[in-house]
Amino acid sequence: MTIVVAPGTTLGALQRQPLLDPVDQRILVCHALGVTRTALITQSERVLSEEEALRITQLLQRREHGEPVAYLVGSREFFGLPFETTPAVLIPRPDTELLVELALERLPPTGRVLDLGTGSGAIAVAIAHTRPDADVSALDVSTEALAVAQRNAQRNGARVRFLHSDWFAAVAGEKFDLIVSNPPYIASGDRHLDEGDLRFEPSGALTDFADGLSALRQLVQDAPRHAHPGAWLLMEHGYDQAEAVRGLLSSAGYTEVASWQDLAGIQRVSGGRVPG
Ligand code: GLN
């Protein structure tokens, strides 16, 4: 079934008979018409022109074929801030706000923070926006992602130093007070990669093309060289990886190793303090 919105349809009629998920549709219709959610109610008698009906049809069809809403409208809210989202970056997820909260609780005054694999810049920008005293650096191997991240810092008035880097390469010799990362952690071949929004997201942001733990392993191994003793390393990981990640941290001599639950009650972030 292909979605078609006919010219002459009223906004009210469109709302009463949604052609796809009503929340998705509402966001897409607002985006297509450049109106607020309230306008959909107050302008329920508004009749769609040919051009408007076509614009809405095209967006709804793309959604019907699976394209993520965040890419179709080009933005997503994270930590109460607007973030540009293009197919060059992973769409910021509410789960990741846990990582930001844990980081903020552990960041010393004027502390130096490093975000590895920053993508849209969501984590780094949220930290820098909340704590203007912090000295935040963020890196990514994707120059396209860095361009998006840079615009997101600007848009939110956050001061972040962005670096093009394969993991720690560009910060050799530097030491940080806090290291955070939401690395690719889905194992290659995992069926989730072929489902929902993930099909449209950059695969390098999702999977390590290995067992799912290789990026996490590398972070645990290399962080001590780039952190002051006692600094926290905090990493997001998959729903079933908490025990394995705590194991990596403990074997490497980290202290106060722990995992924390996201809003869904899943252990989503693990971390520890870098050994001295
Ligand atoms: N949280 C994402 C998902 O499972 C994956 C993000 C990542 O690999 N860092 O949908």
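Since we're looking at a predicted model, the values are computed, not measured. (Residues numbered from 1 in each chain as written. Predicted model: local features only at pLDDT ≥ 70, side-chain atom pairs only at ≥ 80, totals over all residues. Heavy atoms only, no water.)

Now for the pairing of strand S1 (residues 75-78). Inspection of the sheet shows S1 paired to strand S2 (residues 81-84) by 4 bridges, in the antiparallel sense. Pairing of Glu77 across the sheet is with Pro82, part of S2. (Pairing = 2+ DSSP bridges. Helix = DSSP H or I, 4+ residues; strand = E, 2+ residues; numbered from the N terminus.)

Looking now at the site of the ligand. In the vicinity of the ligand, the contacting residues are Leu90, Arg93, Asn182, Pro183, Pro184, Tyr185, Ile186, Leu198, Ala205, Leu206 and Glu236. A distance of 3.1 Å separates an oxygen atom of the ligand from a polar side-chain atom of Arg93. In the model, a nitrogen atom of the ligand is placed 2.7 Å from a nitrogen or oxygen of the Pro183 main chain. Bound to the protein, the ligand loses 86% of the 300 Å² it would expose on its own. The pocket occupied by the ligand, as judged from atoms lying within 2 Å of grid points, is the second largest pocket. Residues that form the shell around the ligand fall into these classes: 8 nonpolar, 1 polar and 2 charged. (Near = heavy atom within 4 Å. Polar contact = N/O pair within 3.5 Å; in protein donor to acceptor, adjacent residues only side chain to side chain. Areas by Shrake-Rupley, 256 points an atom, 1.4 Å probe, with all protein chains shown as cover. 1 Å grid on protein atoms, 1.4 Å probe; cavity = no way out; pocket = protein on both sides within 12 Å on 5 of 7 lines; lining within 4 Å. Sits in = over half its atoms within 2 Å of the grid points. Nonpolar A, V, L, I, M, F, W, Y, C, P; charged D, E, K, R; others polar.)

So, about helix H2 (residues 22-33). With 12 residues, H2 should cover 16 Å at 1.5 Å per step; its first-to-last C-alpha distance of 16 Å lies within 8% of that length. All of the buried residues in H2 are Asp24, Gln25, Leu28, Val29, Cys30, Ala32 and Leu33. Where the residues of H2 are buried, they touch helix H1 (11-16), helix H3 (37-42), helix H4 (50-64) and helix H5 (69-73). The backbone nitrogen of Val23 has a side-chain oxygen 3.1 Å away, supplied by the residue at the start of H2, namely Asp21. Among the residues trailing H2, Gly34 stands out with phi positive, at a value near 65°. (Expected span 1.5 Å × (residues − 1). Buried < 20%, exposed > 50% of the residue type's maximum accessible area, 1.4 Å probe, protein only. Contact = heavy atoms within 4.5 Å.)

These results come straight from atomic positions and should not be treated as a statement about function.
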